[in-house]
Each structure stands twice: as C-alpha cells, then as structure tokens.
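The lines below spell out each chain.
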Amino acid sequence: MDTFFLIESVVKIFTMIAAVMGLATILTWVERKQSAVMQDRIGANRADIFGIRIIGLFQPFADAIKMITKEDYIPPFGNKVLHMIAPAIAYIPVMLLFAVIPMGPPLEIGGRIVNTQIANIDIGLLFIFAFGGIAVYGAVIGGWASNNKYALIAAIRTSAQMISYEVCLGLSLIGAIMIYGTVDLSQMIAEQSGHWFGWIPRWGIFIQPLGALLFIPAAIAENKRIPFDLPEAESEIIGYYTEYSGLKGGLFMMTEFIEMVLISALFSVIFLGGWNVPWLEYNGFNFPWGGTWTLNIWVVKGMQFGAYFLKVAVLIYFFTLVRWTLPRFRYDQVMRLGWRYLFPLALINLLITGIAVVLFA
Amino acid sequence: MEKRVRELKVDYGPAENIYWVEVLKGLWITNRHFMVNMWRHILHALRIKAEKGAVTFQYPEEHRPIHHRWRGRHRLTVKQNGAMRCTACMMCETICPDECIHIVPGESPDPNVEKFPEEFYVDALRCCFCGLCAEACPLDAIRLDVIEPEICGFTRDIIFNKEFLMGLNNDRPWEEWYIENKTDSKEK
Ligand code: SF4
Ligand code: SF4
C-alpha cells in the first residue's frame, strides 16, 4: 500500500461523505421548496442569519439546531441499548453503499488512473444488495425497541414491505446485469458508452425499458417514501420511529434522503449511462452527421462530471415529484402490487432478456 | 341475514386500470404546476413581471386588501361628554357565541348613570367577528369598526382592554384607516 493510494482513498472518502451529506441536507430544503412551488405556495423562507434569507437556504441549519436542542426521550420499559443503536443500524449500511458508487469518470493524475469509486471492487451491485438488505434491521429494531405497539406493528409492516420489494429490485436489475455481463458499476458505465447506429446512446434504459420501469417503484418502496411510506405514515397509521425524538429521529429522516441520493445515483449508473454524454468522447464531440468539436480532455471530464450530477439531480426532482403527487397505497395494495404485478413482470423481463442475450450474443 | 353493505362499483376504463397512465398524467399535472410557478417566480424576481408565482401573503409584512364593508375591530363608543356609553348591562357578554367578552361592572362616577364597566376585555383570538355584540347592545355602545385587527404576535393572548377598545391608545385613528382603505378595495 503506497502513500499515493492512501492519500487518494482518504480524499475520495472525504469528498464522498461531504457530497452525500451536503446533498441530503440540501434535499430537506429542496423537498420543502419544490412542494411549495408545486402547490402555489412559497415555502420555508423565514430562517435568516443577520437578516439575510436567501430563499430559505438556512432552513436546514435551523432544523439541525432544533433537533440538537430537542429533548432526547428514551422510552422506559423498552430496550434502551437497541433503541440507541437502531438509527445507526439504519444509517451506516446506507452510507456504506456509497463506497461502490462512482462519483464521476476515472481521472488520470500523474500517469495513474484514479477511479472515482472509493472501493473499486468487482462485486459492486452485489455489495449494494447485501448492505441494502441490512438497512431493514434498523427500522425493525427501532420499532421493536421502543416498546410501542404501533411502532412494533409498523416495524412488521416495514420488514414485509422491504423484503418483498427487495426481490423486485433485484430481479429488475438482473436483466441489466445479464446484458452488461458484469456487476461492477464502473464497468457497467463503460459498457454503456458508444452508440447504436451512431445515433442512439447505448444507455440501459433503451435496452431494458421494462427493467427501468420496474426499478422505480421498487426503489421508492425500498426508500420508504410516498406512495410506499407505510413504514412511517406519520399522519395516521403510526410509523416505526414514533418514539424517536431529537437527533435520533433526525437520523432516520436523514437516512431517507441519503437513500434518495443513492437510488438516483444507482438509476443513472445502470440505466442512464452514468457520466456518458451522447456523442462526447475523450477528444470532444463526434456528431453523427460528421462534425467534430474538439475539446480539452479536462473540459471533457468536467462535462462528464456535470452530466452525471445533472442526471442525479433530475432523478431527485422526479422522485420528489412522485412523493408530492401520489397518495399512499393501502397495505394490501402494496403487497398486491409487489407480488402480483411487479414480480411476474420482472420475471417476464428476465425471460425476454435471457432469450435475447442467447440469440444475439 | 340481509346484506346491508352495498358495494360501490365504479367503472374504470382501461387507462385507469393500467394505473401507470393515470400516474403519469398526475405527474404531468404537478410537473406543469411546478414549471409554470417557477417561471413566474423567476420573472418576478427579475422584476420583469409584477405578478407573483404564489398566492401567499407574507402576513406580518404584507396584509391582504380588506373589503370596505369589513367590520372586524371592536370599538367602545363614548358620549359627548367623553364618558363611556356602555352601562355594563351584559347583553353583549351574554350573546357572544365565543364567550370572548368579559366585563367587570362597577358603580359609575356619574350620579345619573347607574353602572359602567370598570374593565372590558375582548379576546380577539376567540372572536369570530359575528357582530352579534353590536347588534345586541341597546345603547350602541359597542361597534365593529373597519380597522383590521392586529392579531399577529408572539403571545397567544391578544386581549383588548378598555382603553384600547375606546381608541385611547390606538396608534392610528380609525377614520384615517378607513379613508385610506375605502377606495382601493371597493371593486371587489
Ligand atoms: S363579534 Fe361576535 S364573537 Fe366577537 S365579541 Fe362580538 S359577539 Fe363575540
Ligand atoms: S357594550 Fe352594550 S351590550 Fe355590552 S354591556 Fe355595554 S351596554 Fe351592554
């Protein structure tokens, strides 16, 4: 292990954590403002520092101060230790998943290829499934340890929902895995560069439209957001973190926003070609009608970073739009949608993809 | 046993049954709302258009225009000699549906008048501005005036006392307010 590798890893880890946490913090503001604009309102705009408001961007700070200074109540008779660590059990696996999510195209610094993934491991997607599966424990333990019947029932609901939809999530991605022939995420993006017939970018969404369509509801259900927010459902059927206050409840909420960043990044990596920009290659734009626009390699890299970020941002906009548009499903509807529609459709997708791969590969 | 529950059958077309189509339609509507409002917000922020993107009134700084027939602020009238008209007959306190008037009667200093209110409180947060107190008063001693009540504050008890109701410590006389607001809200 040489020094360069060590410095590189540390820099990558810090960049990733800063980016993800910063994005998740801003998402609390985005969610408020976007819903407000959608509903002809103005939204949170009162938090100010010395009278400067900048359209409510200080609201996350106000939220943080509120959460820190709130009473941190631990319910008696519950399991205190598990109650304490449950938010961490929910939060840490989700954060760990970002180890295999690429941040952008690989860079060349001082004659070395630097991957922008923290851990460049071959089992990328399997790692995501494995640790994504652990995240359900946080919710279940949190609900059980609070010694609240409603929270316990919500925890059971959560586990049923998340385990059901994990099946759909996995199956909807297996088609893509079969086509790319790899589970390494940067490898997947590399597979998606180039074009069909010189025109259409080789993005996963064009070759796996059904997979992409199935991935979205399954991912939202894993993310536990409306219309699949039965686990929380603060407004009427009580959720699993009812007994959590202060920063612990905030951590559960934060986890939700981080998961949103995660599924957006995952969707753009697997189905939207990651940092690939149509017709942009290492030397600049090569248009299908013959023109070329030569660009510096660093400009190209910057554009690819920008494109990746833009894709993630648009997807986050889309997921927030879904959250503020659709009403919540009933429990039996969630189960029916998961097992009777999404699951068979995912199997059909798998079958078609399998036949196509055998025939054309 | 007789079947009491009637099943409600709604005929959904194929588009509703597929569900995705309807979801996409809904998403399109909310998306359009967002885009249109965002565009208006931007134009407003760049001072190209005066029209705003939201219908919100930012209350303490910005008041919505009030109709010139609006009556929402209690006033206790006085006689020509400056004494209160009210004789503490308790009609208004009795009729008030929200029980927000509280009167402490006392003996009047004027030998010709039997009683007068030593204290007269109106809880503005409970009041529904129904005007029944003004209607019930036999002496035209309490009225609802055109001034907009300032009920925004940091405490939860906005209680008008006697001096305030008589207009003794008002910042602005009500006539001034009336003249200012009469013209611009008439077209509603
Ligand atoms: S306006 Fe109606 S509610 Fe208000 S004080 Fe008079 S009677 Fe009571
Ligand atoms: S304001 Fe009128 S109704 Fe009320 S106590 Fe005085 S005189 Fe009676």
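Worth saying up front: this structure is predicted, and the values here are computed from it rather than measured. What you see as residue numbers is a count from 1 along each chain, following the sequence as written. Labels are handed out in written order, letters beginning with A for the chains and numbers beginning with 1 for the ligands. In view of the model being predicted, local features appear only for residues whose pLDDT reaches at least 70, and side-chain atom pairs are presented and counted only at 80 or more, with totals across whole chains, interfaces and linings using the full set of residues. By convention in this description, side-chain values take in all heavy atoms of the structure and omit both hydrogens and water.

## Focus on the overall build of chain B
Then comes step 1: Across its full length, chain B carries 6 helices and 5 strands.
Then comes step 2: Runs of H or I in DSSP of at least four residues are treated as helices and runs of E of at least two as strands, each being numbered from the N terminus. Seen in sequence order, chain B has helices and strands lined up from the N terminus as α-α-β-α-β-β-α-β-β-α-α.
Then comes step 3: Summary of the burial criterion: residues with accessible area below 20% of their type's maximum are buried, those above 50% are exposed, and those between are partly exposed, where the area comes from a 1.4 Å probe applied to protein chains only. When each of the 188 residues of chain B is scored for burial, the buried share is 30%.
Then comes step 4: We call two residues in contact when some of their heavy atoms are within 4.5 Å. Across chain B, every contact between residues at least 6 apart in sequence was considered, and the portion connecting residues at least 24 apart equals 64%.

## Details of the interface of chain B and chain A
Then comes step 1: On the chain A side, the residues contacting the 18 residues of chain B number 19 residues.
Then comes step 2: When two parts are brought into contact, each loses some accessible area as probed by a 1.4 Å sphere; the total of that loss over both is the buried area. Of the roughly 1600 Å² buried at the junction of chain B and chain A (both faces included), carbon and sulfur atoms supply 66%.
Then comes step 3: When a carboxyl oxygen of Asp or Glu is within 4 Å of a side-chain nitrogen of Lys or Arg, the pair counts as a salt bridge. Viewed at the interface, chain A and chain B are joined by 0 salt bridges.
Then comes step 4: Under this definition, polar contacts are N or O atom pairs within 3.5 Å; protein pairs additionally need one hydrogen-donor-capable and one acceptor-capable atom, and for neighbouring residues in sequence, both atoms have to be side-chain atoms. The interface formed by chain B and chain A holds 8 residue pairs in polar contact (both at pLDDT 80 or more) in total.

## Some points on the sheet that holds strand S3 (residues 115–123) of chain B
All names here are of chain B.
Then comes step 1: One open sheet holds the 3 strands; their spatial order is S2-S3-S5, and the pairing between them is antiparallel. At either end of the open sheet lies a strand with only one pairing partner, and these are strand S2 (101–107) and strand S5 (159–160).
Then comes step 2: Any two strands with at least two DSSP bridges between them are considered paired. Here S2 runs beside S3; their pairing, made up of 7 bridges, is antiparallel. Within S3, the position partnered with Ile101 by the bridge is Val122.

## A word on the nonpolar core
Then comes step 1: We define the nonpolar core as a collection of buried residues of types Ala, Val, Leu, Ile, Met, Phe, Trp, Tyr and Cys that are connected through side-chain atoms lying within 4.5 Å of one another. Counting 74 residues, the largest nonpolar core has A:Ile101, A:Leu125, A:Leu185 and A:Ile270 as the members making the most contacts within it.
Then comes step 2: It is helix H9 (residues 246–270) of chain A that contributes the most residues to this core, 12 residues altogether.
Then comes step 3: Those residues within four positions of A:Ile101 in sequence are excluded, and the remaining contacts are A:Met16, A:Thr116, A:Gln117, A:Ile128, A:Leu185, A:Leu262, A:Ala265, A:Leu266 and A:Tyr308.
Then comes step 4: Of all hydrophobic cores here, the second largest spans 22 residues; its members include B:Leu76, B:Ala88, B:Cys137 and B:Leu165.

## Re the sheet that holds strand S7 (residues 292–294) of chain A
Hydrogen bonds between backbone groups are what pair the strands of a sheet, and the pairing can be parallel or antiparallel.
All names here are of chain A.
Then comes step 1: Overall, antiparallel pairing links the 3 strands, which are arranged S5-S6-S7 in an open sheet. Sheet topology places strand S5 (280–281) and S7 at the edges, where each strand pairs with a single neighbour.
Then comes step 2: Pairing geometry for strand S6 (residues 284–286) and S7, over 3 bridges, is antiparallel. For Phe285, the partnering residue across the bridge sits in S7 and is Trp293.

## Looking at the side chain of B:His74
Residue and element names in this part refer to chain B.
Then comes step 1: Mapped onto the elements of the fold, His74 is located in strand S1 (residues 73–76).
Then comes step 2: Classification of His74 by relative accessible area gives buried; the value is 2%.
Then comes step 3: Beyond its immediate sequence surroundings of up to four residues, His74 is in contact with Val122, Cys127, Cys133, Ile142, Arg143, Leu144 and Leu165.

## As for H9(A)
Then comes step 1: Taking 1.5 Å per residue, 25 residues should reach 36 Å; H9(A) reaches 36 Å between its end C-alpha atoms and fits that length.
Then comes step 2: Summarising burial for H9(A): 22 of the 25 residues are buried, a large majority. What a helix is expected to span follows from its residue count: subtract one and scale by 1.5 Å.

## What to know about helix H11 (residues 331–360) of chain A
Residue and element names in this part refer to chain A.
Then comes step 1: The terminal C-alpha atoms of H11, which comprises 30 residues, lie 42 Å apart, in line with the 44 Å expected from a rise of 1.5 Å per residue.
Then comes step 2: Two axes are fitted around each residue, one to the seven residues ending there and one to the seven starting there, and the angle between them is reported as the bend at that residue. Helix geometry: H11 is bent most strongly at Leu342, by close to 30 degrees, with proline Pro344 lying one to four residues after it.
Then comes step 3: Among the residues making up H11, those that are buried are Val334, Met335, Leu337, Gly338, Leu342, Ala346, Asn349, Leu350, Thr353 and Gly354.
Then comes step 4: Looking at the buried positions of H11, the neighbouring elements they touch are helix H5 (149–180) and helix H8 (209–223).

## Brief notes about the pattern of salt bridges
Then comes step 1: Following the criterion strictly, the structure yields 14 salt bridges over all chains and no others.
Then comes step 2: Note that A:Lys12 and A:Glu8 form a salt bridge whose closest N and O atoms lie 2.9 Å from each other. A residue pair is termed a helical-turn pair when its members lie 3 or 4 positions apart in one helix, as A:Lys12 and A:Glu8 do in helix H1 (residues 3–38) at 4 residues. Neither residue differs from the other here; A:Lys12 and A:Glu8 are each classed as buried.
Then comes step 3: Taking the shortest distance from any N to any O, the salt bridge between B:Asp140 and B:Arg143 comes out at 3.0 Å.
Then comes step 4: Among the residues examined, B:Arg143 registers a relative accessible area of 32% and is labelled partly exposed.

## Side note on the packing of aromatic side chains
Then comes step 1: Aromatic contacts are taken between Phe, Tyr and Trp rings whose centres are within 6.5 Å, Trp giving its six-membered ring; a plane angle under 30 degrees counts as stacked, one over 60 as edge-to-face, and the others as tilted. For the structure shown, the criterion picks out 20 aromatic pairs over all chains.
Then comes step 2: For the pair A:Trp279 and A:Phe287, a centre-to-centre distance of 6.3 Å together with 65 degrees between the ring planes defines the contact as edge-to-face.
Then comes step 3: Among the aromatic residues, those joined into a cluster by ring pairs are A:Trp199, A:Trp279, A:Phe285, A:Phe287 and A:Trp293.
Then comes step 4: Charge-over-ring placement is defined geometrically: NZ (Lys) or CZ (Arg) within 6 Å of the ring centre, and within 35 degrees of the ring normal. We note B:Arg73 situated over the ring of B:Phe160; from NZ or CZ to the ring centre the distance is 5.4 Å.

## Some points on the side chain of A:Glu232
Residue and element names in this part refer to chain A.
Then comes step 1: By the secondary structure assignment, Glu232 is in the loop between H8 and H9.
Then comes step 2: Lacking a salt bridge, the buried Glu232 has Lys224 as its closest oppositely charged neighbour, with an N-O distance of 5.1 Å.
Then comes step 3: When residues no more than four places from it in sequence are discounted, the contact partners of Glu232 are Lys224, Ile237, Ile238, Gly239, Tyr240, Tyr241 and Glu256. Counting rule for charge: Lys and Arg are taken as positive, Asp and Glu as negative, and neither His nor the chain ends is counted.

## Description of the packing of H1(A) against helix H2 (residues 59–69) of chain A
All names here are of chain A.
Then comes step 1: Across the interface, H1 lies against H2 with an axial gap of 9 Å and an inter-helix angle of 110 degrees. In this view, H1 runs roughly perpendicular relative to H2, as classed from their interaxial angle. As for the relative orientation of H1 and H2, their crossing is right-handed in sense. Within the contact between the two elements, H1 uses Thr25, Thr28, Trp29 and Arg32 and H2 uses Gln59, Pro60 and Asp63.
Then comes step 2: Here the residues of the contact of H1 with H2 sort into 2 nonpolar, 3 polar and 2 charged. To define axes, lines are fitted to C-alpha atoms, for helices over the stretch in contact only, and angles between the resulting N-to-C directions are given on a 0 to 180 degree scale. Every angle not falling under 35 degrees, over 145, or within 65 to 115 is termed oblique; those three ranges are roughly parallel, roughly antiparallel and roughly perpendicular. The handedness criterion is simple: a crossing whose near helix is rotated anticlockwise from the far helix by less than a right angle is left-handed, and one whose near helix is rotated clockwise is right-handed. The classification used treats Ala, Val, Leu, Ile, Met, Phe, Trp, Tyr, Cys and Pro as nonpolar, Asp, Glu, Lys and Arg as charged, and all other residues, Gly among them, as polar.

## Thoughts on unusual backbone geometry
Then comes step 1: In this chain, A:Ile226 is followed by A:Pro227 through a cis amide linkage whose omega measures 5 degrees.
Then comes step 2: Looking at where A:Pro227 falls in the secondary structure, it is placed in the loop between H8 and H9.
Then comes step 3: Not every positive phi belongs to a glycine, and B:Ala88 is a case in point at roughly 55 degrees.
Then comes step 4: Topologically, B:Ala88 is positioned in the loop between S1 and helix H3 (91–95).
Then comes step 5: Take B:Ala88: its relative accessible area is 0%, and that puts it in the buried class.
Then comes step 6: Positive phi values are uncommon outside glycine, yet B:Met90 reaches one of about 70 degrees.
Then comes step 7: Within the secondary structure, B:Met90 is located in the loop between S1 and H3.

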